[in-house]
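# Architecture at a glance
Residue-level listing of the chains:
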Amino acid sequence: MILGGKILNIFIGSSSEKRSLDIAVKIAAKIEDCGHKPILWTKYFNASDITLVKIMDLCQVVDGGIFVLASDDEIISNHSKFITRDNVLIEAGIFLGSLGLSQVALYKLPDVDIPSDFLGITYIEDSDKEFNIQLAISKWIDGFQKNIDKKRTTNMFLSQKHLDRLVFEELIASSNEEIMISSFFMSIFSLSKEMENA
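Each value, and the rule that gives it
Residues numbered from 1 in each chain as written. Predicted model: local features only at pLDDT ≥ 70, side-chain atom pairs only at ≥ 80, totals over all residues. Heavy atoms only, no water. Core = buried A, V, L, I, M, F, W, Y, C linked by side-chain atoms within 4.5 Å. Buried < 20%, exposed > 50% of the residue type's maximum accessible area, 1.4 Å probe, protein only. Helix = DSSP H or I, 4+ residues; strand = E, 2+ residues; numbered from the N terminus. Pairing = 2+ DSSP bridges. 1 Å grid on protein atoms, 1.4 Å probe; cavity = no way out; pocket = protein on both sides within 12 Å on 5 of 7 lines; lining within 4 Å. Points joined across faces, edges and corners; volume = space filled by probe spheres on them. Nonpolar A, V, L, I, M, F, W, Y, C, P; charged D, E, K, R; others polar. Salt bridge = Lys/Arg side-chain N within 4 Å of Asp/Glu carboxyl O.

### Describing the nonpolar core
Within soluble globular proteins, side chains that are nonpolar generally end up buried alongside one another. By size, the foremost hydrophobic cluster in this structure holds 23 residues, and its most contacted members are I27, I66 and I141. Looking at this core, the elements with two or more residues in it are β1 (9-13), α1 (18-33), β3 (64-69), β6 (104-108) and α5 (130-197). Here this core takes six residues from α5, the largest share from any one element.

This is the structure:
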């Protein structure tokens with residue numbers, strides 16, 4: 001469902017592993033089903049790009065981002081665990097810092113460990129039920145669309161308040177000039193009266 005008639009541009013980040021890419025393509029289809037425009041990372045980056053710069057630029061033109069947290073790499077210490085590719089986490093962090101919590105979601109596969117710093121962020125759990133995935137993505141998009149609309153309204157209100165203040169200050173400045181001119185003429189009038197009486 002598109003709120004306010006605005007089609008949102010939503011970036012989808014994942015690792016280049018086949019499993020992650022397949023999920024990213026599935027998410028893109030779900031975003032399209034919601035009436036919005038998905039931007040897959042595979043369609044955005046070129047071989048000669050500086051990824052960090054492109055990600056920072058991208059944050060200025062998209063409305064949201066969703067990142068696939070898959071078990072891309074295995075770490076073995078006391079026990080074996082699977083983690084997401086580090087560049088995906090870095091990109092998600094840049095998006096979080098730029099767009100805010102509500103406009104970024106993490107699509108989490110069940111077999112992946114998540115860094116504790118990412119707790120509290122919107123997670124969309126992978127499911128074998130397509131309807132559940134569609135519903136979760138739709139709910140997330142609707143939520144952050146409302147947040148964008150609220151920010152836009154607040155900014156418009158603040159802009160109007162700023163404009164009102166500028167108009168008020170201009171009116172005061174203009175009034176001060178008129179008062180000074182009136183005072184000047186009143187002084188001349190008083191002085192001429194005094195000269196007539198002398």
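Here the narrative resumes.
### Some words on the pairing of β6
With five of its five residues buried, β6 lies for the most part within the structure. Direction of pairing for β3 relative to β6: parallel, over a ladder of five bridges. Looking across to β6, one finds that I66 is bridged to A105. Sheet analysis places β6 next to strand β7 (residues 122-125), joined by four bridges and oriented parallel. Considered in β7, the bridge of A105 is made with T122.

### Re the layout of surface pockets
Volume-wise, the largest pocket comes out at about 150 Å³. Lining the largest pocket are S14, S15, S16, W41, F45, N46, D49, T51, R85, N87 and E91. Here the lining of the largest pocket is composed, by residue class, of two nonpolar, six polar and three charged.

### Section: the pattern of salt bridges
This structure, assessed with the given rule, holds two salt bridges. K6 is the partner of D63 in a salt bridge, and the nearest nitrogen-oxygen pair spans 3.5 Å. Here D63, found in the loop between α3 (51-58) and β3, pairs with K6, found in the segment before β1; they are 57 residues apart in sequence, far enough to count as distant. Judged by relative accessible area, which is 11%, D63 ranks as buried. On the basis of relative accessibility, which here comes to 26%, the residue K6 falls in the partly exposed class. Of the charged contacts, one joins D22 and K18 as a salt bridge, the two residues approaching to 2.8 Å between their closest N and O atoms. Of the two residues, D22 and K18 both sit in helix α1, four residues apart, roughly one turn of that helix. Residue classification places D22 among the partly exposed residues on the basis of a relative accessible area of 42%.

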